[in-house]
Amino acid sequence: MLKLFDSHCHLQDHRISNVVPKLITTALDNGIVYFSVNGTSEKDWHVVKEMSDSYPCILPSFGIHPLRVAERTPNWFSTLKDFFEANPCAAVGEIGLDKGTRGKKVDFADQIEIFQQQLQLAKELERPASVHCVRAFGDLLPLMKSLGPFPAGVILHSYLGSAEMVPEFAKLGAYFSFSGYLMSLKQSKAKKMLKSVPSERILLETDAPDGLPKCDNLDSLFYIEKDSSRPEDHNAEVQKAASVNGNSSNNTCCDAKSSSAVGNETLNHPANIKTVLAYVASLLDVNQKELADLTYDNASRLFSYEGSKLILKGQD
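Per an unreviewed UniProt entry, the protein goes by Deoxyribonuclease YabD and derives from Heracleum sosnowskyi.

Spatially, 8 strands are ordered β1-β2-β3-β4-β5-β6-β7-β8 in an open sheet, and the strand pairing comes out parallel. On the outer flanks of this sheet lie β1 (4-9) and β8 (202-204), each paired with one strand and no other. Between one strand and the next, the sheet's axes are offset by a mean angle of 30 degrees, whatever the strand orientation. Here β1 pairs with strand β2 (residues 32-38) via 4 bridges, running parallel. In the sheet register, Cys 9 faces β2, and the bridge partner there is Val 37.

The subject of this paragraph is the UniProt feature "binding site: a divalent metal cation 1" (unreviewed entry) in the protein. As annotated by UniProt and renumbered to match this structure, "binding site: a divalent metal cation 1" (unreviewed entry) occupies His 8, His 10, Glu 94 and Asp 207. In terms of the greatest pairwise C-alpha distance, the residues named above, spread along 200 residues, form a tight cluster of at most 10.8 Å across. Examined against the element boundaries, Glu 94 turns out to sit in strand β4 (residues 91-98). By the element assignment, Asp 207 lies in the loop between β8 and β9 (223-225).

Here we take up unusual backbone geometry. For residues that are not glycine, phi is negative in most cases, and the peptide bond is trans in most cases. Residue Glu 94 is bonded to the preceding Gly 93 through a cis peptide linkage, with omega at 10 degrees. For the peptide bond that leads from Ala 208 to Pro 209, omega is 10 degrees, which places it in the cis range. On the secondary structure map, Pro 209 appears in the loop between β8 and β9. Even without glycine at this site, Arg 135 takes up a positive phi of about 55 degrees. Note that Arg 135 resides in the loop between β5 (129-134) and α5 (137-147).

This chain's UniProt record puts "binding site: a divalent metal cation 2" (unreviewed entry) on His 132 and His 157. Their sequence span is 26 residues, while the largest C-alpha to C-alpha distance among them is just 5.9 Å; these annotated residues converge on one region. Mapped onto the fold, His 132 is located in strand β5. On the basis of relative accessibility, which here comes to 1%, the residue His 132 falls in the buried class. Here His 65 takes part through its side chain, which lies 3.3 Å from a polar atom of the side chain of His 132. By the element assignment, His 157 lies in the loop between β6 (154-156) and α6 (166-171). Beyond its immediate sequence surroundings of up to four residues, His 157 is in contact with His 8, Glu 94, Ser 130, Val 131, His 132, Ser 177, Glu 205 and Asp 207. Polar side-chain contacts of His 157 include one of 2.9 Å to the side chain of Glu 94.

Conventions we followed
- Within any chain, residue numbers begin from 1 and follow the written order of that chain's sequence.
- It should be noted that, the model being predicted, local features are given only for residues of pLDDT at least 70 and side-chain atom pairs only at 80 or more, the latter also being counted only at that level, while totals for whole chains, interfaces and linings use all residues.
- With hydrogens and water excluded, all non-hydrogen atoms of the structure serve as input to the side-chain values.
- Paired strands are those between which DSSP finds at least two bridges.
- In DSSP terms, a helix is any run of H or I states spanning at least four residues, a strand is any run of E spanning at least two, and both are numbered starting from the N terminus.
- Note on definitions: angles span 0 to 180 degrees between N-to-C directions of axes, and those axes are lines fitted to C-alpha atoms, for helices only across the stretch in contact.
- UniProt positions are given in the numbering used here, feature names are shortened, and annotations may be inferred rather than shown by experiment.
- Burial status follows relative accessibility: with a 1.4 Å probe on protein chains alone, a residue under 20% of its type maximum counts as buried, one over 50% as exposed, and anything between as partly exposed.
- Each polar contact in these results corresponds to two N or O atoms within 3.5 Å; when the atoms are within protein, one needs to be able to donate a hydrogen and the other to accept it, and residues that are neighboring in sequence are counted only if both atoms are side-chain atoms.
- We call two residues in contact whenever any of their non-hydrogen atoms come within 4.5 Å of each other.

In structure tokens:
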């Protein structure tokens, strides 16, 4: 079986909290060995910590998402540092910049200030940071140049930036993580961008429960139906792949289903990293086993900082 590493997801998301055990079991059965679970605000850091304590496969990250900057408390930064001190296995994330539809509603100067503080903290802690960037790569690159380089790594999660910017980001220590959102790009653009990424810098992710792949073979997808009684989560604001038409039902964890069962309220299952793997491998003209091994090794190296679960496991 292929070994896969989900480099960025949100299994703590309240929309899937009632099915997390089954989600993880299904994903593990499909070869996903580790999940980097990213907190997005002070409200969910404790949930991420509890999940990490309960599941050896979960690697925790704590951060304030750019869309949640306005929700921060006056003591947010000291609280964040306390979480890292108490959890040496944790990375930094999700942090970043957003000029998308929702991002325009959040003061950009505040976004920059909060992002800079967290990115600088990641550098000081010598831990990787998972970075969200929507329509703000022109702002992100000079900011990273001013604070970098980042020997511990910066994950540009669900990367949809240009091929031309890849070398500059890579020089600073960036890794490029690809999810189902890649399928929303024109294939020629996606292929050009992928081929510009150094092989030792490529990662795969799902961004689950968001980022459902735009897949022609819907029967191959794993999915979770959204509970319509729960509000939309901020993590959903990214350049999304086109939704498929259909009917939605209650929030039930499912395996592969027919296309008629997949609705526009469907949430992404972490096992769908296999679909991302297949798509990226096809664009890079490599076999899936080769890409799975490469991205697993890249992620393992990135997340093997002092105190991480991967280091501790290696010492057992």
